[in-house]
Amino acid sequence: MKTSTIVKTVLDFDVAEYVNAVRAGGRRQLDPALRGRMADLYIDLCGVLTEAPGSIDTGERRVLRLAELALQSEWKLAATTEPHDERDRPGVLEGPRGTRYQPYSNVRLLNHALGTQKHSSDACIERQCRQALRFLVGSWLGWEERTLRGQEPWAHLDLPTARDAGERLSRLSALDDAMAAWPRLPAAGAAPASRWEDYLGEAGRSRILEYLINMPQTRKHEENVFLRLIHLTEVTTSGILARTVAGNAWLESGAYAEAARCLERAAELAVMQFDIMLVLRRTMSVDSFLGFRNDTENASAIQMTSAQTLHIHLLGIHPAKVEALGEMQENAFLLLYVNRHFRPLRSLLQELPQDTDETRPVFAAARALDEILFRWRRLHIGLAHRYLPKETMGSGGTSGAPYLSGFYHDRIFDPEGELFPHPVPVSMPPLDERVRARSVFSPFN
Ligand code: HEM
């Protein structure tokens, strides 16, 4: 196909029709012909986007780059029914299409809305994360309220009990109130927009968050809740990560006040992340979870690049995780952090005097961050024990709860607030030669 024809086909694609089709039956029921058309368009578009910069108008290129994110998800999901596409271009699209977590949760689109794919500052990323969190909590709350009133046709199968629904509403209202002074995004509109270009800019970010990322496999209410939780956890993790990376850089340059401020901001978001996970623990029944678990197929948050990257910047790579990281196509590059130049927060703190006026706030903020993230990991391993039948493997292919037990307790400080020594050093396993290092906030994430 000619470049101009491909560009026109992408620009003419009806986004609203796609969103409505996913919502009507669940993403698993999406018409294979539509998914196939989107997968083909993705391959064609990749070719166009690698052409010389002058070949397409700059405005159109922005729209095409956004479309690519949504089309790629469908191309990846099409892989289960269509393992090999003859039209894949060597060097651009060769090899497997990656694990399911990223397309299932539409993580690249979410990251686009957060601005983590650009060279944004940590302050800018945090601001966009707070805006997104406020929007997503408000959207979730509104959806639950409409469901309770019987006014919400979307995802109304297998509803929670009245008790769980009531508890959820009060927890979400509390979260919403806590964000009342945060920056807000404009409303997304009552229906999805048809053209990709309406998903650009500030209003476009709202539309992405409302319509493009939330695409559950089924019409089951609790699966939709689970996906909302994943998005909220991704958003908080990106904010915590941006501030941690910046905090580490300030520490390395001896700017202790700035480092302390970054770690304090990270800890604030981590508190929010913990409260968000509590909504799941307190309001989702085991039966509801097991009712949709298989529908998400093998999409596991072990494939969550932001969370794995955050752990590494705080703690380094734990020996118990080397194998799991190396086996994941998208995250194997993280093993490149096993090198003598990389210093996680834990090792930067080891060399810092603890009792000076300058460094005391750094330790206080690092302790607060370490403590709340440890509480999150403890809560999360509790989920694995509670919701998964005994000896069930994790959907990411690990041993499940035993895998998490291998490192959840690893932290920077002990319960008395003293620094723990470094963990057992890890050595670099052999990596596939195609693995390339990439920055923390990269277009590939
Ligand atoms: C009932 C709910 C949940 C259960 C039973 C559960 C269970 C598990 C299990 C068994 C693993 C091990 C990896 C594997 O899949 O093989 C895992 C990993 C993980 N889960 Fe969950 N999970 C739940 C909810 C969530 C949610 C809502 C998030 C938010 C994004 C999340 C984030 C993670 C992360 C980041 C990892 C990787 C841990 C690491 O390697 O450090 N989980 N989960």
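Residues numbered from 1 in each chain as written. Predicted model: local features only at pLDDT ≥ 70, side-chain atom pairs only at ≥ 80, totals over all residues. Heavy atoms only, no water.

With an unreviewed UniProt entry as reference, the protein chain is termed Tryptophan 2,3-dioxygenase, source organism Nonomuraea rosea.

A. Geometry of the packing of helix α7 (residues 122-148) against helix α10 (residues 221-252). Following both chains from N to C, one finds α7 and α10 inclined at 165°, their axes separated by 9 Å at the closest point. Judged by the angle between their axes, α7 and α10 are roughly antiparallel. Where α7 crosses over α10, the two elements pack in a sense that is left-handed. Considering only residue class, the contact of α7 with α10 consists of 15 nonpolar, eight polar and five charged. (Axes fitted to C-alpha atoms, helices over the stretch in contact; angles between N-to-C directions. Helix = DSSP H or I, 4+ residues; strand = E, 2+ residues; numbered from the N terminus. Parallel < 35°, antiparallel > 145°, perpendicular 65-115°, else oblique. Left-handed = near helix turned anticlockwise from the far one by under 90°. Nonpolar A, V, L, I, M, F, W, Y, C, P; charged D, E, K, R; others polar.)

B. Geometry of the coordination of the iron atom of the ligand. Just one protein ligand coordinates the iron atom of the ligand, and it is His380 (NE2) at 2.1 Å. In this structure, His380 sits in helix α16 (residues 360-387). (Donors = N, O, S within 2.8 Å, 3.2 Å for Na, K, Ca; no water.)

C. Up close: the layout of surface pockets. Space inside the second largest pocket adds up to approximately 350 Å³. Per-element tally for the lining of the second largest pocket: the top contributor is helix α14 (residues 322-327), with three residues. Class assignment of the residues belonging to the lining of the second largest pocket gives a composition of six nonpolar, ten polar and four charged. There are two domains that each give the lining of the second largest pocket at least three residues, and those are domain 1 (3-97) and domain 2 (113-405). (1 Å grid on protein atoms, 1.4 Å probe; cavity = no way out; pocket = protein on both sides within 12 Å on 5 of 7 lines; lining within 4 Å. Points joined across faces, edges and corners; volume = space filled by probe spheres on them. Domains from an automatic or database assignment.)

D. Quick look at the site of the ligand. Near the ligand you find 28 residues, and of these Ser300, Lys321, His380, Thr398 and Tyr403 are the closest. Separating an oxygen atom of the ligand from a side-chain N or O atom of Lys321 is a distance of 2.8 Å. Separating an oxygen atom of the ligand from a backbone N or O atom of Ser395 is a distance of 3.3 Å. A molecule is said to occupy a pocket when more than half its atoms come within 2 Å of that pocket's grid points, and by this definition the ligand occupies the largest cavity. Residue assignment for the shell around the ligand shows that the elements contributing at least two residues are α10, α11 (256-283), α13 (305-315), α16 and α17 (401-405). Sorting elements by how many residues they give to the shell around the ligand places α16 first, with five residues. (Near = heavy atom within 4 Å. Polar contact = N/O pair within 3.5 Å; in protein donor to acceptor, adjacent residues only side chain to side chain. Sits in = over half its atoms within 2 Å of the grid points.)

E. Spotlight on the domain arrangement of the protein chain. For the protein chain, the assigned domains read domain 1 (3-97) and domain 2 (113-405). Look at where the C-alpha atoms of domain 1 and domain 2 centre, and you get two points 27 Å apart. In this assembly, domain 1 packs against domain 2 so that about 2200 Å² is buried in total across both faces, 63% of it on carbon and sulfur atoms. Of all residues in domain 1, the largest losses of buried area upon contact with domain 2 belong to Arg23, Arg28 and Leu66, amounting jointly to 31% of the total for that side. Two residues, Arg28 and Asp295, come together in a salt bridge whose shortest N-O distance is 3.2 Å. Secondary-structure elements contributing two or more residues to the side of domain 1 that touches domain 2 are α2 (15-25) and α4 (58-78). Classifying every residue of the side of domain 1 that touches domain 2 gives 15 nonpolar, four polar and seven charged. (Buried area = accessible area lost by both parts, 1.4 Å probe. Salt bridge = Lys/Arg side-chain N within 4 Å of Asp/Glu carboxyl O.)

F. Main features of empty space enclosed by the protein. A full pass over the atoms with the stated rule returns six cavities of 30 Å³ or more. Approximately 1000 Å³ is the volume found for the largest cavity. Of all the elements in the fold, those that place two or more residues in the lining of the largest cavity are α5 (101-105), α10, α11, α12 (286-293), α13, α16 and α17. When residues in the lining of the largest cavity are grouped by element, the largest group, eight residues, is from α16. The computed volume of the second largest cavity comes to approximately 190 Å³. Lining the second largest cavity are 20 residues, and of these Val107, Asn111, Thr305, Ser306 and Asn445 lie nearest its centre. Contributing elements (two or more residues each) for the lining of the second largest cavity: α5, α6 (107-114), α10 and α13. Classifying every residue of the lining of the second largest cavity gives six nonpolar, twelve polar and two charged.

G. Expanded view of the nonpolar core. One finds Tyr18, Trp196, Leu209, Leu251, Leu349 and Leu369 to be the most contacted residues of the largest nonpolar core, which totals 130 residues. When residues in this core are grouped by element, the largest group, 15 residues, is from α11. Counting residues domain by domain, this core receives three or more from each of domain 1 (3-97) and domain 2 (113-405). Core analysis: the next-biggest nonpolar cluster, separate from the first, contains eight residues, Tyr101, Tyr104, Met304 and Ala307 among them. (Core = buried A, V, L, I, M, F, W, Y, C linked by side-chain atoms within 4.5 Å. Buried < 20%, exposed > 50% of the residue type's maximum accessible area, 1.4 Å probe, protein only.)

H. Local environment of α7. If you check α7, its first and last C-alpha atoms are 39 Å apart, about what 27 residues at 1.5 Å a residue would give, namely 39 Å. Counting buried residues along α7, 19 of its 27 residues qualify, which places the element largely inside the surrounding structure. In the stretch just after α7, Gly150 is the one whose phi turns positive, near 75°. (Expected span 1.5 Å × (residues − 1).)

I. The state of the cysteines, seen in detail. Under the definition given, this model contains zero disulfides. This cysteine, Cys124, is not joined by any disulfide, and Cys129 carries the nearest cysteine sulfur, 9.4 Å off. With no disulfide of its own, Cys262 has Cys129 as its nearest cysteine by sulfur position, at a separation of 14 Å. (Disulfide = S-S within 2.5 Å.)

J. Expanded view of the packing of aromatic side chains. Summed over all chains, the structure comprises twelve aromatic pairs. Ring centres of Phe374 and Tyr408 lie 6.2 Å apart, and the angle between their planes is 10°; this geometry places the pair in the stacked category. In this pair, Phe374 is assigned in helix α16 and Tyr408 in the segment after α17, connecting sequence segments 34 residues apart. Judged by its relative accessible area of 10%, Phe374 is buried. Taken together, Phe226, Phe289, Phe292 and Tyr387 form an aromatic cluster joined through their ring pairs. Positioned over the ring face of Trp154 is Arg23, at 3.6 Å from the centre of the ring. Its guanidinium or amino end placed over the ring of Phe407, Lys321 lies 4.6 Å from that ring's centre, counting from NZ or CZ. (Phe/Tyr/Trp six-rings, centres within 6.5 Å; stacked < 30°, edge-to-face > 60°. Lys NZ or Arg CZ within 6 Å of the ring centre and 35° of its normal.)

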